[in-house]
Amino acid sequence: MKLIVNGIERHPEKDQKLLSYLRDELNLPGTKDGCSEGACGACSVLVNGKLTKACIPLLSKIDGAEVITIEGLSEREKSVYSYCFAEAGAVQCGYCIPGMIMAAKSLLDANLNPTRQDVKKAIRGNICRCTGYVKIEDAILMAADYFRENKAVNPEKESGRITTRFRRIDAIEKALGEGKYADDINIEGMVYASALRSPVPRAKIIKIDSSECEKDERCVKVIKREDVPVNKLGHLVHDWDVLIGEGMITHYVGDALCLVVSYDKNALDELKKKIIVEYEELPGVFLPQDALTEAISVHENKSNVLVEQHILRGDATGVLEECDIVIEGDYHTPFTEHAFMEMECAIAMPDRNDGIFAITAGQSIYDDQREIARMLHLPKHRVRVQTALVGGGFGGKEDMSVQHHAALAAWICQRPVKIKLTRQESLMIHPKRHPMDIHVKLGADKNGRFKALKAKIIADTGAYASLGGPVLQRACTHASGPYNYKNLDVHGVALYTNNVPSGAFRGFGVTQSCFAIESAIDDLAEKLGMDPFEIRLKNVVKPGQILPNGQIATSDCGITECMEAVKDAYYASDRTGIALAMKNSGIGVGVPDTGRCTMSVEGGKIHLRTSAACMGQGIATVALQIAVETLGVDPDLIIVENPDTSRTPDSGTSTASRQTAFTGEAVRRAAEKLRIEMNEFSLKELEGSEYFAEFCYETDPITSKKGNPISHLAFSYSAQVAELDENGKVKKITAACDAGRVINRQAIEGQIEGGVLMGMGFALTENFKTENGYVKSKYGTLGLIRATDAPEIEVICVQGPDELPTSYGSKGVGELCTIPTAPAIANAYKRRDGIRRYSLPLEKTAYKK
């Protein structure tokens, strides 16, 4: 066989998929593996000038072909594409971007005058889960202009100050495929591992016979339960088994029975087939309502009730009896898959200090360190964790998936080990968005003033606890919406089942309860003969008023401003729907929550050190801008280090829309200390000095008896309007968000656009399908929205009357922007055809018959 790859003649020695040849033999990691199913487009290359997904063709099928990868672009092309994608704000997690650029090249090589619709069609085979496609389309149109007009790429010098346009510091390396994700890293002497999973959702494992596997010369080791020092892990509840051994009972199809370690990663599947598992299949429980009966215990000698929450303020029962109007309904939301572009991957190896060094791609290196140290029964200082680039997360990379298994294998084998999930394994293993059944009873007086809410929430937390407790709590505490009334009675229960676990997902339970309450408000307005916009405006909370959870809305509260910003959009058509939302910034409810930062002067540069994980939201760039604003220095003077437990302080998990508010404030405080010193001394004189700061905000626990407890540092607010076209498809979504002061305009717009499109998928097309505990979905059947189906998205950033005194007034937006989209769309359909749809994804639409 012969191929011309990036202008160089190659002679492959064996037949294999083009993708594996490029990555494994030619060391061209810019072509990414996003699914190996031909569904995502992350591996897009040009074969004889035609856009091709490299995971599909065998080399024998393209013998003699010319292949161009992202590395093979001309210097002019690299310069234009990387600049335009950075300038437009098109790069977030970045995993899809090399494939997007190859799709753009395929288009622009033939047409330098494309319309936006041409661009959409050109990238329709490529999925982006972060951006909502808007800024990718902008970048491609900008690149067309540069090529067409032969413009020189001369980036303007940027000040880096907050509120100004500023290109992300990692945009260019991600765009050109030069940045390293975990699977792009190879260590000398590295071996590979994979877990053999449970054959059925619930079974008693009688025997695991690995003798034939171990005889194979390609096998390094088979690791079983008896090899694990501590077998139970978990965020808050230690209930998740590292490995299920003989005599134990499995809890779902993702349970690992043993780890196979091999010199050859391509032999892993064959080696696993040589292991004979003898088991007794047991009946499982797959509906949370069945779990309530306790007829089958998912975990032996333990109730199926993971946690209950009861939020009670005022007298909702009594007040509802006196209300002039009461609306009642039952709502359902399904499992949803995060569908981040990068599959889970981790590398671990023995460390010099008789410990373990792990390279991971999760949402907190300190969470990884804690869990690995617990499993290996080591003190934390003997476990060093460093992050590679993270190809998306959305909450789905908070739990252990491969990190602990890689560390275990490296510890036992005493050599570097890489573990990477296949896309189907990823779908089967990591926690999803909680399915919830929600009963809502909302009452108002004849003038449309909300008086009381009663709600009951049943959540399927799946096989393990994960973050099911806090997710349920957030669903309950936010069930009232951003309104001003005093009587609230919300009861929630999260139940174990033998389904795939549920855990953190963008919105953290609030997406589910918001769909219920915002749908109910529209029905209440209809029953009263009131306008849905006006009834909300009458009831929204204003600064100084009391939220139903008891917290007094602070002076930064901007939900009224959000509504005013979308008013024209709502009244532009008779096919629009509106929904409001609020979302906490920070963990809150009495849980310690701290952002930390160390700044050091090294080699004449200022090193900004924080462990805040960036999985696409751009926290490293935000941190740099806050430092520049405080110090008044050139951004080129600052080096933002990647998270590393040996260098960067614990800044908490990238969750709960907290990093900008908490770690951002810690950065500001550390920079302030350095600024004072820089007023007297030069950087040369300050060489070797360090400045540490942290920010912790004290909140009241959920059980507080205070009249007005402080549950969170702040809330962000949003109002969204969805407009349908005459055929019933979403034409436009207008999203107004109060996330405080804008630090980076491109970043916040991109976050909101991506969040809105994810919310649209939740509303209309996405449905992670399971049947009696078995996963029935594939990546290509998840219903992810592609560019050709993405509507116009208008982003409007507003602020309340005042701003927070921390982080220059900035609040979180990452979760907020996806929460009100589904009910806004549901309300638009109700307004269009009079049918209330109580379940997601919505039925009888142009997207789902």
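Since we're looking at a predicted model, the values are computed, not measured. (Residues numbered from 1 in each chain as written. Predicted model: local features only at pLDDT ≥ 70, side-chain atom pairs only at ≥ 80, totals over all residues. Heavy atoms only, no water.)

Caption draft 1: The packing of aromatic side chains, seen in detail. Applying the stated rule across the entire model yields 15 aromatic pairs. Seen from their ring centres, Phe450 and Tyr483 are 5.3 Å apart, and the 75 degrees between their planes marks the pair as edge-to-face. Linking Phe450 in strand β20 (residues 450–462) with Tyr483 in the loop between α14 (468–477) and β21 (487–496), this pair joins segments that are 33 residues apart in sequence. Like Tyr483, Phe450 is buried. Here Phe662 and Phe695 contribute two aromatic rings whose centre-to-centre distance is 5.4 Å and whose plane-to-plane angle is 45 degrees, an arrangement assigned as tilted. Remark: Phe695 occurs in strand β26 (residues 690–696) and Phe662 occurs in helix α19 (residues 659–678); sequence separation between them is 33 residues. Neither Phe662 nor Phe695 differs from the other in exposure class; each is buried. (Phe/Tyr/Trp six-rings, centres within 6.5 Å; stacked < 30°, edge-to-face > 60°. Helix = DSSP H or I, 4+ residues; strand = E, 2+ residues; numbered from the N terminus. Buried < 20%, exposed > 50% of the residue type's maximum accessible area, 1.4 Å probe, protein only.)

Caption draft 2: Just a positive patch on the surface, in detail. A surface patch of like charges, here positive, comprises Arg449, Lys451, Lys486, Lys538 and Lys542. You can see Lys538 is positioned in helix α16 (residues 532–539). We classify Lys538 as partly exposed; its relative accessible area is 32%. (Patch = residues over 30% accessible without salt bridge, like charges linked within 9 Å, V, L, I, M, F, W, Y side chains within 5 Å. Areas by Shrake-Rupley, 256 points an atom, 1.4 Å probe, with all protein chains shown as cover. Salt bridge = Lys/Arg side-chain N within 4 Å of Asp/Glu carboxyl O. Lys, Arg positive; Asp, Glu negative; His and termini not counted. Charge placed at Lys NZ, Arg CZ, Asp CG, Glu CD.)

Caption draft 3: Structural context of the side chain of Lys811. Within the secondary structure layout, Lys811 lies in the loop between β31 (792–798) and α21 (821–833). Residue classification places Lys811 among the buried residues on the basis of a relative accessible area of 4%. A distance of 3.0 Å separates polar atoms of two side chains, one belonging to Lys811 and the other to Asp738. If we ignore the near neighbours within four places in the chain, the residues touching Lys811 are Asp556, Ser585, Ala714, Phe715, Ser716, Tyr717, Asp738, Ala739, Gly740 and Leu804. (Polar contact = N/O pair within 3.5 Å; in protein donor to acceptor, adjacent residues only side chain to side chain. Contact = heavy atoms within 4.5 Å.)

Caption draft 4: Main features of the environment of Lys456. One can find Lys456 in strand β20. The class of Lys456 is partly exposed, set by a relative accessible area of 42%. Separated by 57 residues in sequence, Lys456 and Ser513 have C-alpha atoms that sit 10.0 Å apart. When near neighbours in sequence (up to four residues on either side) are disregarded, Lys456 contacts Asp437, Ile438, His439 and His491.

Caption draft 5: Just the sheet that holds strand β28 (residues 730–738), in detail. With mixed pairing, the 4 strands of this open sheet are ordered in space as β22-β27-β28-β31. With one partner strand each, in any of the chains shown, β22 (576–585) and β31 form the two edges of the open sheet. Going across the sheet, the axis of each strand differs from the next one's by a mean of 15 degrees, ignoring polarity. (Pairing = 2+ DSSP bridges. Axes fitted to C-alpha atoms, helices over the stretch in contact; angles between N-to-C directions.)

Caption draft 6: Layout of the side chain of Thr576. The topology assignment puts Thr576 in strand β22. Overall, the relative accessible area of 1% leaves Thr576 in the buried class. Among the polar contacts made by the side chain of Thr576, one reaches the side chain of Arg831 at a distance of 2.4 Å. Not counting the four nearest positions on each side in its chain, Thr576 is found in contact with Ala569, Tyr570, Val721, Ala722, Glu723, Asn827, Ala828 and Arg831.

Caption draft 7: Highlighting the pattern of salt bridges. Per the counting criterion, the structure on display carries 64 salt bridges. Residue Asp216 is joined to Lys274 by a salt bridge in which the shortest nitrogen-to-oxygen separation is 2.8 Å. With Asp216 in the loop between α7 (211–215) and β8 (219–223) and Lys274 in the loop between α8 (268–273) and β12 (276–281), this residue pair connects regions lying 58 residues apart in the sequence. Classification of Lys274 as partly exposed rests on a relative accessible area of 29%. The residue Arg741 makes a salt bridge to Glu803 at a minimum N-O spacing of 2.8 Å.

Caption draft 8: Up close: the packing of helix α11 (residues 365–376) against helix α12 (residues 403–413). With their axes 10 Å apart at the nearest point, α11 and α12 run at an angle of 45 degrees to one another. Taken together, the axis directions place α11 and α12 in an arrangement best described as oblique. Remark: the crossing between α11 and α12 carries right-handed chirality. In this structure, α11 uses Asp368, Ile372, Met375 and Leu376 to contact α12, whose residues at the interface are Gln403, His404, Ala407, Leu408 and Trp411. For the contact of α11 with α12, the per-class residue count stands at 6 nonpolar, 2 polar and 1 charged. (Parallel < 35°, antiparallel > 145°, perpendicular 65-115°, else oblique. Left-handed = near helix turned anticlockwise from the far one by under 90°. Nonpolar A, V, L, I, M, F, W, Y, C, P; charged D, E, K, R; others polar.)

Caption draft 9: Seen up close, the nonpolar core. Ranked by internal contacts, the top residues of the largest apolar core, which has 224 residues, are Phe85, Ile136, Val440, Tyr779 and Ile825. Excluding anything up to four places from it in sequence, Tyr779 contacts Cys35, Glu37, Ala39, Cys40, Ile127, Ala339, Phe340, Met341, Arg423, Leu427 and Leu784. (Core = buried A, V, L, I, M, F, W, Y, C linked by side-chain atoms within 4.5 Å.)

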